[in-house]
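Chains, contacts and geometry: an overview
Residue-level listing of the chains:
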Amino acid sequence: INTVAPITNRTVTITNGSTAANFDATITPSIQDRKLKVGNAWYRIAQHTSGASGATLESAFQEASVTASACTIYQDEFELTAADFARVARIFDPRLSNWLEPVSMMHATIREQLSNPSQGDPYNYAMLTDTRLVLDYYPQDARRLEVHYQFFPPDLTIGGTDPDWPRWRRWMLEERGLFYLLM
């Protein structure tokens, strides 16, 4: 995972009840799927084109309208795109020489991050879906996190319904079968 530093040098104008956000300058690269924090409220950015100064929020802005308000654009959720993994085993932060700990969505730091995002060095992560994870703090700088995962093999059938077991694993079936036969 390659994290990105938050964008803090922009201001935004948003009208109450609207999904349109207008920044004071163009933003490159695209900030689609990142989050926008204005005051203590945050909104997911549903659409943005690289080089544009406008963006569309995923939900309508519920706070009082803001004009040229300071904002933070950050990313704390990451989509894992490897097609051949079953689940994340561990995540390592080489810069801190630290393993990030997996926690449930009910863990206090994850709940706090989802309700009141803050930046810092991430120490925990939770899986939102099978391929999407959230960090307990959004990274304050760009860095690389190494994702260690369990391999998910391709379909083990060859045109039928019987699994095609590798020869080196067949002994397990034979031993287990003999064990139940002799019991």
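Residues numbered from 1 in each chain as written. Predicted model: local features only at pLDDT ≥ 70, side-chain atom pairs only at ≥ 80, totals over all residues. Heavy atoms only, no water.

Here we come to the overall build of the chain. A tally of regular secondary structure across the chain gives 2 helices and 12 strands. If you list the helices and strands of the chain from N to C, you get β-β-β-β-β-β-β-β-β-α-β-β-β-α. Here the chain, with 183 residues, has 32% of them falling under the buried criterion. About 11000 Å² of surface is accessible on the chain, with carbon and sulfur atoms providing 53% of the total. (Helix = DSSP H or I, 4+ residues; strand = E, 2+ residues; numbered from the N terminus. Buried < 20%, exposed > 50% of the residue type's maximum accessible area, 1.4 Å probe, protein only. Areas by Shrake-Rupley, 256 points an atom, 1.4 Å probe, with all protein chains shown as cover.)

Here the focus is the packing of aromatic side chains. In the structure shown here, the tally under the stated rule is 3 aromatic pairs. Relative to Phe-61, the ring of Tyr-43 lies with its centre 5.2 Å away and its plane at 45°, an arrangement referred to as tilted. Residue Tyr-43 is found in strand β4 (residues 41-47), and its partner Phe-61 is found in the loop between β5 (52-57) and β6 (66-74); the two are separated by 18 residues along the sequence. Each member of the pair, Tyr-43 as well as Phe-61, carries the same accessibility label: buried. (Phe/Tyr/Trp six-rings, centres within 6.5 Å; stacked < 30°, edge-to-face > 60°.)

Take the pattern of salt bridges next. Two side chains bearing opposite charge may form a pair once their charged atoms approach each other closely. Tallied over the full model, the rule gives 11 salt bridges. Among the salt bridges present, the one from Lys-35 reaches Asp-76, with a minimum N-O distance of 3.1 Å. Pair noted here: Lys-35 is in strand β3 (residues 35-38) and Asp-76 is in the loop between β6 and β7 (77-79), with a separation of 41 residues, a long-range link. We classify Lys-35 as buried; its relative accessible area is 2%. (Salt bridge = Lys/Arg side-chain N within 4 Å of Asp/Glu carboxyl O.)

Once that is clear, we can look at a nonpolar patch on the surface. Together, Leu-178, Leu-181 and Leu-182 give the surface a local cluster of nonpolar side chains, amounting to about 370 Å² of exposed area. With respect to the element layout, Leu-182 can be found in helix α2 (residues 170-182). (Patch = residues over 30% accessible without salt bridge, like charges linked within 9 Å, V, L, I, M, F, W, Y side chains within 5 Å.)

A separate point is the sheet that holds β5. The strands making up a sheet associate through hydrogen bonds between their backbones, and the pairing can be parallel or antiparallel. Read around the barrel, 6 strands follow the order β1-β2-β5-β4-β3-β6 and close on themselves; strand pairing throughout is antiparallel. Here the strands of the sheet are splayed against their neighbours by 45° on average, with no regard to which way each runs. Relative to β5, strand β2 (residues 20-27) runs antiparallel, the two being bridged by 4 bridges. Opposite Ile-27, over in β5, you have Ala-52 as the bridge partner. (Pairing = 2+ DSSP bridges. Axes fitted to C-alpha atoms, helices over the stretch in contact; angles between N-to-C directions.)

What follows covers the environment of Ser-53. Here Ser-53 shows up in strand β5. As a C-alpha pair, Ser-53 and Thr-28 span 25 residues in sequence and 9.2 Å in three-dimensional space.

Now for the pairing of β4. A regular strand places its side chains on the two faces of the sheet in alternate fashion. Two elements, β3 and β4, share 4 bridges in a ladder whose sense is antiparallel. Its bridge partner being in β4, Lys-37 is matched across the sheet by Trp-42. Counting the residues between successive antiparallel strands, the hairpin from β3 to β4 contains 2 residues, one of them, Gly-39, with a positive phi of roughly 65°. Of the pairings in the sheet, the one linking β4 to β5 comprises 2 bridges and is antiparallel in character. From the neighbouring strand, Ile-45 faces β5, where its bridge partner is Leu-57. Between β4 and the antiparallel strand that follows it, β5, lie 4 residues; Gly-51 among them carries a positive phi value of about 90°.

So, on to the environment of Tyr-123. With respect to the helices, strands and loops of the structure, Tyr-123 is situated in the loop between α1 (108-115) and β10 (124-127). The class for Tyr-123 is partly exposed, based on a relative accessible area of 41%. If we ignore the near neighbours within four places in the chain, the residues touching Tyr-123 are Leu-96, Asn-98, Trp-99, Leu-100, Glu-101 and Asp-136. (Contact = heavy atoms within 4.5 Å.)

As paired strands, strand β1 (residues 7-14) and β6 are joined by 5 bridges and run antiparallel to one another. Looking across to β6, one finds that Arg-10 is bridged to Cys-71. Across 3 bridges, β3 lies against β6 in antiparallel orientation. Bridging from a neighbouring strand, Leu-36 pairs with Ile-73 of β6.

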